[in-house]
Amino acid sequence: MGANVLTTLGNGDFVKCLHSVGRPLPLKAPLVSNWPCDPDKTMIAHIPAENEIISFGSGYGGNSLLGKKCFALRIGSVLARREGWLAEHMLILSITNPKGQKKYVCAAFPSACGKTNLAMMMPKLPGYEVKTVGDDIAWLRFDEAGTLRAINPEAGFFGVAPGTSYKTNPIAMDTCMTNTVFTNVAETSDGGIYWEGIDEKFGKGVSITDWKGKPWKVGTKDPPAAHPNSRFCTPAAQCSIMDPEWESPRGVPISAVIFGGRRPKGVPLVFEAFDWAHGVFIGASMRSESTAAAEHKGKVIMNDPMAMRPFLGYNFGHYLQHWLNLSKNSKNKMPRTFHVNWFRTDAAGKFMWPGFGDNSRVLEWICRRVDGENCADKSPIGYVPKADALNVTGMKDKVDMAALFDVPKDFWLQEVADLKKYFAQVGKDLPSEIGRQLEALEQRVRAK
């Protein structure tokens, strides 16, 4: 790790990590796909009381890069509760308007729901600029003046490869074209890499070997060329749009916290919480269509509170209470909270919002709300943009805004019923405020 790290640690405490691939030499059996691991004996143990992590047998980055999810989130969340801060599964970005006014926001999405794409967005809204602080993990703490500040504890990006292309995320593509480790992607015979959605053309005679080492032809859907959760691991310093403050130990000031996920039906493009407690409830109520980064197979809607379901290091109810308690310090200036959904579909199954660079239009509305602009109407689930409030300057796609922001009564009554069942599992540890918020949501929806 280097002398600088040891000097910084001094004689202080630190999190002790041990990882073994689980295949000691000499090998007793051949490796599968040349990858040393022992999936039948995988164990990833977190010991918060001792600040220890022990990982055995896993070849997956989330389990073997122990400074990432294991330390920065699971052990990190325990340390954060103990010391009064937050360790969250969030991207951090800055957005600057044409007047040069910059704001920083955090956003929590489940894995493979567009965190990296948003963090490296090229805005289609004229005159706006987005820069990256981090794409996956944020540590947040209120400073002495009560301002919420965030740092990115990571040195690089561990992004999902499939779906990444020069069309969806040109910044990520440029970043990972050198000095990068790829895992479980396909390989081209001319030394290149390949995955589903990369949209790259090949020269004559170029063949593809899939992630299991077998020949693969373009157009084959099953099996895929690359594992659906294949990754690129690349240094953040190679990214051309890193914010100047991305390594500031003081952190960047956060103006808004955004939650979101894949919701094909019923959930508007964006809405704002009524207050901090309502925002915590919205985060706790997050649900999303499952992705390759989760253990579920097939497309089912699963609960993923604050996008932390796989990463919480302690009791869920206590975690929610910790979030609620942050507002009890009168000195703390609580950021506004929002929920976004880029993935709503119409009756034909087509996305109703173009996403990617056009998501800057949603960020712009969020920034205006942070500034106190009256550009929202109250709905049963939160504040939604007024008609024509979204800035669509230069937008090529035609969007049915009324349908995009519709709040269907039947859908939300079912959402309430599903949330009641989910929160019932938390039992006596569920904060009473979350119960009150759920009851209030049901009353507002029934009165619609």
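Read on for an overview of the structure.

1. So, a nonpolar patch on the surface
And step 1. On the surface, a cluster of nonpolar side chains totalling about 330 Å² of accessible area is made up of Leu-18, Met-43, Ile-47 and Ile-54.
And step 2. By the secondary structure assignment, Met-43 is in strand 2 (residues 43-47).

2. Structural notes on the pattern of salt bridges
And step 1. Considering all chains together, one arrives at 26 salt bridges under this definition.
And step 2. We note a salt bridge from Lys-102 to Asp-243, for which the minimum N-O separation is 3.0 Å. Highlighted residues: Lys-102 in strand 6 (residues 102-108) and Asp-243 in the loop between strand 16 (231-235) and strand 17 (252-260), separated in sequence by 141 residues.
And step 3. For Lys-102, a relative accessible area of 36% gives the class partly exposed.
And step 4. Two residues, Arg-361 and Asp-358, come together in a salt bridge whose shortest N-O distance is 2.8 Å. For the pair shown, Arg-361 and Asp-358 are each scored as buried.

3. Regarding the packing of helix 6 (residues 276-284) against helix 11 (residues 432-446)
And step 1. Two elements in contact, helix 6 and helix 11, have axes separated by 10 Å at closest approach and are oriented at 90°. With respect to helix 11, the axis of helix 6 lies roughly perpendicular. Facing Ala-277, His-278, Val-280 and Phe-281 of helix 6, the residues of helix 11 in contact are Glu-433, Ile-434, Gln-437, Leu-438, Leu-441 and Arg-444.
And step 2. Classifying every residue of the contact of helix 6 with helix 11 by side-chain character gives six nonpolar, two polar and two charged.

4. Focus on the packing of aromatic side chains
And step 1. One pass over the structure, following the stated rule, counts 18 aromatic pairs.
And step 2. Relative to Trp-195, the ring of Phe-182 lies with its centre 5.9 Å away and its plane at 40°, an arrangement referred to as tilted. Highlighted residues: Phe-182 in strand 11 (residues 181-183) and Trp-195 in the loop between strand 13 (193-194) and strand 14 (208-209), separated in sequence by 13 residues.
And step 3. Taking the relative accessible area as the measure of exposure, Phe-182 reaches 24% and is therefore partly exposed.
And step 4. Given a relative accessible area of 0%, Trp-195 falls into the buried group.
And step 5. For the pair Phe-281 and Phe-423, a centre-to-centre distance of 6.4 Å together with 45° between the ring planes defines the contact as tilted. Here Phe-281, found in helix 6, pairs with Phe-423, found in helix 10 (residues 409-424); they are 142 residues apart in sequence, far enough to count as distant.

5. Structural notes on empty space enclosed by the protein
And step 1. For the coordinates displayed, the defined rule picks out one cavity of 30 Å³ or more.
And step 2. Around the largest cavity sit 15 residues that line it, and Phe-271, Ile-282, Ser-285, His-339 and Trp-412 are the ones nearest its centre.
And step 3. Listing elements by their share of the lining of the largest cavity, those giving two or more residues are helix 6 and helix 10.
And step 4. When grouped by side-chain class, the residues that make up the lining of the largest cavity number nine nonpolar, three polar and three charged.

6. Quick notes on the environment of Trp-35
And step 1. Of note, Trp-35 is situated in the loop between strand 1 (16-20) and strand 2.
And step 2. With a relative accessible area of 35%, Trp-35 lands in the partly exposed category.
And step 3. Apart from residues lying up to four places away in sequence, Trp-35 is in contact with Gly-59 and Thr-183.

7. Details of the pairing of strand 17
Regular strands have side chains that alternate between both faces of the sheet.
And step 1. Burial of strand 17 is extensive: seven of the nine residues sit out of reach of the surface.
And step 2. Bridging between strand 6 and strand 17 involves five bridges; their strand directions are parallel. Note on strand 17: the bridge partner recorded for Ala-108 is Phe-259.
And step 3. For strand 9 (residues 148-151) and strand 17, the ladder comprises two bridges, and the chain directions are antiparallel. Note that in strand 17 the partner of Arg-149 across the bridge is Pro-253.
And step 4. Here five bridges tie strand 17 to strand 21 (residues 336-340), and the two strands are oriented parallel to one another. Among the inter-strand pairings, Ile-258 is bridged to a residue of strand 21, identified as Phe-338.

8. As for the sheet that holds strand 16
And step 1. Read from one edge to the other, the open sheet built from three strands follows the order 10-16-11, with strand pairing classed as antiparallel. Each end of this open sheet is capped by a strand with a single partner; those strands are strand 10 (156-160) and strand 11. For this sheet, the mean inter-axis angle between neighbouring strands, taken without regard to orientation, is 15°.
And step 2. Here strand 10 pairs with strand 16 via five bridges, running antiparallel. Its bridge partner lying in strand 16, Phe-157 is registered against Thr-234.

Conventions we followed
Residues numbered from 1 in each chain as written. Predicted model: local features only at pLDDT ≥ 70, side-chain atom pairs only at ≥ 80, totals over all residues. Heavy atoms only, no water. Patch = residues over 30% accessible without salt bridge, like charges linked within 9 Å, V, L, I, M, F, W, Y side chains within 5 Å. Areas by Shrake-Rupley, 256 points an atom, 1.4 Å probe, with all protein chains shown as cover. Salt bridge = Lys/Arg side-chain N within 4 Å of Asp/Glu carboxyl O. Helix = DSSP H or I, 4+ residues; strand = E, 2+ residues; numbered from the N terminus. Buried < 20%, exposed > 50% of the residue type's maximum accessible area, 1.4 Å probe, protein only. Axes fitted to C-alpha atoms, helices over the stretch in contact; angles between N-to-C directions. Parallel < 35°, antiparallel > 145°, perpendicular 65-115°, else oblique. Contact = heavy atoms within 4.5 Å. Nonpolar A, V, L, I, M, F, W, Y, C, P; charged D, E, K, R; others polar. Phe/Tyr/Trp six-rings, centres within 6.5 Å; stacked < 30°, edge-to-face > 60°. 1 Å grid on protein atoms, 1.4 Å probe; cavity = no way out; pocket = protein on both sides within 12 Å on 5 of 7 lines; lining within 4 Å. Points joined across faces, edges and corners; volume = space filled by probe spheres on them. Pairing = 2+ DSSP bridges.

From the geometry alone we can't say anything about function, so treat these as descriptive.
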